[in-house]
Amino acid sequence: MNGYSCLAAYYDRLMTDFGYDSYLGLLGRELEGREGVDLCCGSGRITIALALQGKKMTGVDMSGEMLSVAADNALKAGVKPLFVRADATAFRPQHEVDFVTCVCDGINYIRQKDLAVFFENAACSLKKGGKLIFDASSEYKLKKTIGNNVFFEDYDDLTYIWSNTPFAGGVKMDLTFFIRGRDGKYIKQTEEHTQYAHSESTIGKALGDRFSFRNFDFGTSGPVTAKTQRIVWVCEKL
Ligand SMILES: C[S@@+](CC[C@H](N)C(=O)[O-])C[C@H]1O[C@@H](n2cnc3c(N)ncnc32)[C@H](O)[C@@H]1O
């Protein structure tokens with residue numbers, strides 16, 4: 001199965017260690033204006049949180065399963081962002097917006113050859129002075145922390161195994177789920193993800209002269225170091 005099909009139903013439950021609150025603090029400090037696009041929005045955590053702050057949001061994702069979870073989450077939260085199933089590499093809204101976000105590895109799903117067009121479309125989506133904020137798992141994280149390792153979580157109703165195989169440009173991730181059915185029997189499902197490792201200079205070059213930008217370590221808020229796990233980029237359309 002392709003990525004984010006089976007995982008979609010368990011994504012929010014398994015994403016307990018990502019710092020959404022701290023990310024929202026950053027967005028609160030950086031973002032201006034009312035209208036935004038959240039690329040690779042997944043289950044809509046950021047899209048919905050910004051919609052709850054009164055922003056007019058569009059969430060874009062390629063996975064129908066993730067968008068279905070996002071739509072349910074939005075309904076429960078009492079907000080109505082627009083969700084669009086589209087490839088974030090090619091997406092442009094119908095008119096320019098105030099900000100674009102792409103949170104938690106979205107950029108690691110974009111192949112290196114597609115980065116420039118991704119940023120070009122993000123730039124075309126923005127008003128002059130509008131901000132693009134995204135993050136990327138660092139090369140160090142993908143190669144050393146995730147690398148050849150296997151991670152798992154084991155619950156009564158779900159066992160989840162995440163097995164990683166590095167290659168020159170990133171990591172292939174094999175996910176296996178054992179899901180307990182109503183009859184108590186477990187069903188096995190698998191899906192595969194590929195994340196691409198982009199160096200700071202690759203991202204900087206792909207951003208080109210469309211943006212001014214700065215970046216920092218998401219964990220420390222300080223400068224990026226050789227062991228930074230997640231790099232946040234704050235870019236302003238020129
Ligand atoms: C790790 S999840 C992040 C979801 C969400 N932004 C969050 O912070 O929880 C990555 C998401 O990117 C989506 N995705 C990957 N490649 C994409 C692409 N080319 N276009 C649109 N969505 C994509 C996946 O379907 C998945 O929902």
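Residues numbered from 1 in each chain as written. Predicted model: local features only at pLDDT ≥ 70, side-chain atom pairs only at ≥ 80, totals over all residues.

What follows covers helix α5 (residues 115–125). What α5 keeps buried is the set Leu115, Phe118, Phe119, Ala122, Ala123 and Ser125. The arc enclosing the buried residues of α5, seen along the axis, measures out at 160°, which places them on a common side. Where α5 is buried, its residues contact β1 (35–39), β4 (97–102), β5 (126–137), α7 (200–207), β10 (211–217) and β11 (230–237). (Buried ≥ 20, exposed ≤ 12 C-beta atoms within 10 Å, placed from the backbone. Helix = DSSP H or I, 4+ residues; strand = E, 2+ residues; numbered from the N terminus. Arc of directions from axis to C-beta. Contact = placed C-beta atoms within 7 Å.)

Read from one edge of the open sheet, seven strands run β3-β2-β1-β4-β5-β11-β10, paired in mixed fashion. What marks the edges here is a single partner per strand, and that holds for β3 (82–85) and β10. On average, adjacent strands in this sheet sit at an angle of 15° to one another, irrespective of strand direction. Sheet topology note: the β10/β11 ladder contains seven bridges and is antiparallel. Residue phenylalanine 216 lies in a different strand from β11, and its bridge partner there is valine 232. (Pairing = 2+ DSSP bridges. Axes fitted to C-alpha atoms, helices over the stretch in contact; angles between N-to-C directions.)

Since there are 3.6 residues in each turn of an α-helix, residues three or four apart along the chain are aligned in direction. For helix α4 (residues 64–77), built from 14 residues, the straight-helix expectation of 20 Å at 1.5 Å per residue is met to within 8% by its first-to-last C-alpha distance of 20 Å. Taken as a whole, α4 has its buried residues at Met66, Leu67, Val69, Ala70 and Ala74. The buried residues of α4 all sit within an arc of 160° when viewed along its axis, so they share a single face. In α4, the exposed positions that point more than 90 degrees away from the buried face belong to Gly64, Asp72, Leu75 and Lys76. The secondary structure elements touched by the buried residues of α4 are α1 (11–14), α3 (45–52), β2 (56–61) and β3. Glycine 78 sits one or two positions beyond α4 and adopts a positive phi of about 80°. (Expected span 1.5 Å × (residues − 1).)

Counting residues in hydrophobic clusters, the biggest one holds 61 residues, and the most contacted among them are Leu39, Val100, Cys102 and Leu132. In this structure, this core is formed jointly by two domains, domain 1 (8–138 + 198–237) and domain 2 (141–196), each of which donates at least three residues. Contact partners of cysteine 102, with chain neighbours within four places excluded, come to Leu39, Cys40, Ala88, Ile107 and Phe134. (Core = buried A, V, L, I, M, F, W, Y, C linked by C-beta atoms within 7 Å. Domains from an automatic or database assignment.)

As assigned here, the chain comprises domain 1 (8–138 + 198–237) and domain 2 (141–196). Placing the centre of domain 1 and that of domain 2 at their C-alpha centroids yields a distance of 24 Å. Listed per partner, the contact involves 13 residues of domain 1 and nine residues of domain 2.

Take unusual backbone geometry next. Note: most peptide bonds trans; most residues except glycine with negative phi. The phi angle at tyrosine 4 is positive, at roughly 60°, despite the residue not being glycine. Following the sequence through the fold, tyrosine 4 ends up in the segment before α1.

As for its position among the elements, phenylalanine 18 is in the loop between α1 and α2 (20–30). Considered as a pair, phenylalanine 18 and cysteine 104 are 86 residues apart in the sequence and their alpha carbons are 8.0 Å apart.

Before going further, it helps to spend a moment on the site of the ligand. Around the ligand sit 19 residues, and of these Cys40, Gly42, Ala88, Cys104 and Tyr109 come closest. Those elements that provide at least two residues to the shell around the ligand are α3 and β2. Looking at the shell around the ligand residue by residue, the classes come out as eleven nonpolar, four polar and four charged. (Near = placed C-beta within 6 Å. Nonpolar A, V, L, I, M, F, W, Y, C, P; charged D, E, K, R; others polar.)

Reading across the sheet, the four strands line up as β6-β7-β8-β9 and stay open at both edges, with antiparallel pairing between neighbours. Looking at strand neighbours, the two that pair on one side only are β6 (150–154) and β9 (186–196), the edges of this open sheet. Neighbour to neighbour, the strand axes of the sheet diverge by 15° on average, direction disregarded. Both strand β7 (residues 158–167) and strand β8 (residues 170–180) contribute to a ladder of ten bridges, which runs antiparallel. Its bridge partner being in β8, leucine 158 is matched across the sheet by isoleucine 179. Where helix α6 (residues 139–146) meets the sheet, it contacts β7, β8 and β9, and its direction lies at approximately 55° from that of β8.

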